[in-house]
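These are the residues of each chain, in order.
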Amino acid sequence: MNGARVLVVDDEPDIRELLEITLGRMGMETVSCPDLGAARVAIGSGRFDLCLTDMRLPDGDGIDLVRFLQSDRPEIPVAVITAHGNMESAVAALKAGAFDFVSKPVELQGLRDLVNAALRLRERGVLGTRSLIGDSALMEQTRTRIRKLARSQAPVYISGESGTGKELVARMIHEQGPRADHPFVPVNCGAIPGELIESELFGHRKGSFTGAITDNPGLFQAAQGGTLFLDEVADLPLPMQVKLLRAIQEKSVRPVGAQAEVKVDVRVLSATHKPLAELVQQGSFRQDLYYRINVIEIAVPALRERVEDVPLLATHILKRLSSESGVPVPALNPEAMANLSAYPFPGNVRELENVLERAMTMCEEGTIRIDDLELSDAVGGLVGSGPRSGQLDVSLENLERERILEAIAAEDGNKTAAARRLGITFRALRYRLKKLAID
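Residues numbered from 1 in each chain as written. Predicted model: local features only at pLDDT ≥ 70, side-chain atom pairs only at ≥ 80, totals over all residues. Heavy atoms only, no water.

A. Here's a closer look at the overall build of the protein. Summing up its helical and strand segments, the protein has 19 helices and 18 strands in all. Judged by the C-alpha coordinates and their principal axes, the protein covers about 85 × 55 × 45 Å. Taking all 439 residues of the protein together, 49% fall into the buried category. A fraction of 70% describes how many contacts in the protein between residues 6 or more apart in sequence connect residues 24 or more apart. Approximately 20,100 Å² of the protein is accessible, and the part contributed by carbon and sulfur atoms is 50%. The positive charge centre, built from 52 side chains, and the negative charge centre, built from 61, are 3 Å apart in the protein. (Helix = DSSP H or I, 4+ residues; strand = E, 2+ residues; numbered from the N terminus. Buried < 20%, exposed > 50% of the residue type's maximum accessible area, 1.4 Å probe, protein only. Contact = heavy atoms within 4.5 Å. Areas by Shrake-Rupley, 256 points an atom, 1.4 Å probe, with all protein chains shown as cover. Lys, Arg positive; Asp, Glu negative; His and termini not counted. Charge placed at Lys NZ, Arg CZ, Asp CG, Glu CD.)

B. Molecular detail of helix H7 (residues 166-175). Burial analysis of H7 places seven of its 10 residues in the buried class, which makes it a mostly covered element. Regarding H7, the residues found buried are Lys166, Val169, Ala170, Met172, Ile173, His174 and Glu175.

C. Focus on the sheet that holds strand S14 (residues 296-299). Spatially, the five strands line up as an open sheet ordered S9-S10-S13-S8-S14, and their pairing is parallel. The open sheet has two edge strands, strand S9 (184-188) and S14, and neither has a second partner. Neighbour-to-neighbour, the strand axes of the sheet open up by a mean angle of 20°, direction not taken into account. With four bridges connecting them, strand S8 (residues 156-159) and strand S13 (residues 267-272) associate as parallel partners. Following the sheet pairing, isoleucine 158 is matched in S13 by alanine 271. Contacting S8, S9, strand S10 (227-231), S13 and S14, H7 runs over the sheet at an angle of about 155° to S9. (Pairing = 2+ DSSP bridges. Axes fitted to C-alpha atoms, helices over the stretch in contact; angles between N-to-C directions.)

D. Structural view of unusual backbone geometry. At the junction of lysine 104 and proline 105, the peptide bond is cis and its omega measures out at -5° in the coordinates. With respect to the secondary-structure elements, proline 105 resides in the loop between strand S7 (100-103) and helix H5 (108-124). Backbone geometry places asparagine 348, a non-glycine residue, at a positive phi of 60°. For asparagine 348, the location among the structural elements is in helix H15 (residues 348-362).

E. Quick peek at the pairing of S13. With respect to burial, S13 is a largely interior element, six of its six residues being buried. Side-chain alternation along S13 places Arg267, Leu269 and Ala271 on one buried face and Val268, Ser270 and Thr272 on a second face that is also buried. Sheet topology note: the S10/S13 ladder contains five bridges and is parallel. The residue bridging aspartate 231 from the neighbouring strand is alanine 271, located in S13.

F. Examining the environment of proline 178 more closely. In this structure, proline 178 sits in the loop between H7 and S9. For the pair proline 178 and alanine 428, spaced 250 residues apart in sequence, the C-alpha separation works out to 41 Å.

G. Summary view of the sheet that holds strand S2 (residues 29-33). Taken together, the five strands give an open sheet; going across it, the order is S2-S1-S3-S6-S7, and neighbouring strands pair in parallel fashion. The sheet is open, and its two borders are formed by S2 and S7, each paired with just one other strand. With strand direction ignored, the average angle separating the axes of adjacent strands in the sheet is 20°. Set on the sheet, helix H2 (residues 36-45) makes contact with strand S1 (5-9) and S2; between it and S1 the angle comes to about 165°. The sheet strands contacting helix H4 (residues 87-96) are strand S6 (78-82) and S7, and the helix crosses S7 at an angle near 160°.

H. Seen up close, the packing of aromatic side chains. This structure, assessed with the given rule, holds four aromatic pairs. Residues phenylalanine 202 and phenylalanine 220 carry aromatic rings whose centres are separated by 5.6 Å and whose planes lie at 50° to one another, so their mutual orientation is tilted. Placement of phenylalanine 202 in helix H8 (residues 197-202) and of phenylalanine 220 in helix H9 (residues 218-222) is noted, with a sequence separation of 18 residues between them. The exposure class assigned to phenylalanine 202 is buried, which follows from its relative accessible area of 4%. Owing to a relative accessible area of 1%, phenylalanine 220 belongs among the buried residues under this scheme. In this arrangement the basic side chain of lysine 251 is found over the ring face of phenylalanine 101, its NZ or CZ atom lying 4.5 Å from the centre. (Phe/Tyr/Trp six-rings, centres within 6.5 Å; stacked < 30°, edge-to-face > 60°. Lys NZ or Arg CZ within 6 Å of the ring centre and 35° of its normal.)

I. Structural context of the layout of surface pockets. The computed volume of the largest pocket comes to approximately 870 Å³. Residue lining of the largest pocket: 35 residues in total, with Phe101, Glu250, Lys251, Lys263 and Val264 positioned closest to the centre. Among the elements that make up the lining of the largest pocket, the one with the highest residue count is H5 (six residues). Taken together, the residues of the lining of the largest pocket break down into 16 nonpolar, eight polar and 11 charged. Looking at the second largest pocket, it is lined by 22 residues, and the ones nearest its centre are Thr164, Gly165, Leu168, Val349 and Glu353. Contributions of two or more residues to the lining of the second largest pocket are made by H7, helix H13 (310-325) and H15. Among the elements that take part in the lining of the second largest pocket, H13 stands out by supplying four residues, more than any other. (1 Å grid on protein atoms, 1.4 Å probe; cavity = no way out; pocket = protein on both sides within 12 Å on 5 of 7 lines; lining within 4 Å. Points joined across faces, edges and corners; volume = space filled by probe spheres on them. Nonpolar A, V, L, I, M, F, W, Y, C, P; charged D, E, K, R; others polar.)

Here it is, written out as structure tokens:
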């Protein structure tokens with residue numbers, strides 16, 4: 001970004017000169033200050049697109065400047081320069097609101113990448129394409145926190161129950177930040193066999209093990225310049241946790257079978273529905289990795305904590321499902337909507353989606369009624385005429401499959417007639433047959 005104006009704060013003249021030369025070659029204007037006092041004066045009298053500050057200054061430390069900018073000039077990204085290996089200072093700066101950090105001795109390419117990312121953030125603002133649905137105070141607080149986290153490069157730990165939308169939160173952090181033009185790579189750590197996780201994350205060289213017939217760059221390199229989202233990070237085996245910690249701290253990975261490490265520029269976001277702090281106490285998750293990935297935490301609220309959002313969510317989900325299946329959007333009658341709002345949804349938004357998808361298939365005359373929802377109440381009784389199953393996904397699918405097969409059998413295999421019997425279009429029936437794997 002030619003013409004950008006950068007404030008450099010460092011008491012070492014040679015470091016200031018190095019930064020001035022590097023930034024000058026990138027077409028940027030620099031203003032240099034030797035201490036906090038001079039930096040505050042400069043900030044008050046001029047426009048800046050970025051601030052680079054050393055951690056140790058004669059009249060304070062870089063975190064003081066980070067806090068000052070967060071309070072008075074939050075639009076200016078600030079990155080700190082830390083002593084090599086001093087991760088505690090780097091983490092403290094990130095928690096205070098620093099955009100990112102760079103270690104001494106300053107590696108010039110890493111510095112250029114950091115500067116470019118910070119300036120992209122200024123250019124983009126914080127406009128993203130995805131959003132959490134809901135007007136509740138909890139949702140507004142969550143969206144505000146996402147916008148703030150998107151400005152940083154700090155590792156973020158996303159906590160929340162299954163089905164609350166943790167991956168959506170991760171995607172929003174990515175899309176609203178300076179890495180939005182680069183890949184977002186999600187990986188479910190619990191879905192990869194333990195013997196393959198290192199190869200999947202870090203890559204491998206041809207011939208490094210049986211079946212390695214080509215070089216594979218791995219997911220860290222696939223996310224180069226972007227974001228790597230480690231879902232269900234608690235499921236990583238302990239030996240892999242050690243290697244992940246090193247990859248995050250050193251910003252490099254060693255592919256299986258490789259002799260040298262490969263530098264990677266990746267922001268790591270992680271999530272799990274498990275109580276990570278308890279797993280640390282039990283010894284099944286490394287404490288040092290926990291502190292490294294949990295620099296900042298964002299908790300995604302359960303659906304039962306924001307019941308006022310259920311009508312808006314239900315409407316949004318029905319519109320999406322109708323678009324996907326090519327059928328008109330069904331109406332939810334008042335009793336059915338009240339039933340949804342009263343239900344605790346232990347499976348959160350994902351369960352709401354499953355309930356509505358099944359109800360769409362089973363409803364008649366384009367209206368979802370209370371019996372179509374088949375929700376069990378919080379104490380296991382029935383609201384409507386549904387099963388006493390806890391509404392597990394499998395039970396819902398089995399019930400739906402049974403009703404569809406009964407309708408087809410009653411019409412002697414005529415699926416067009418079966419669709420009429422079920423009160424849905426033939427196209428909707430085909431969609432459900434495919435989804436439920438019914439021949």
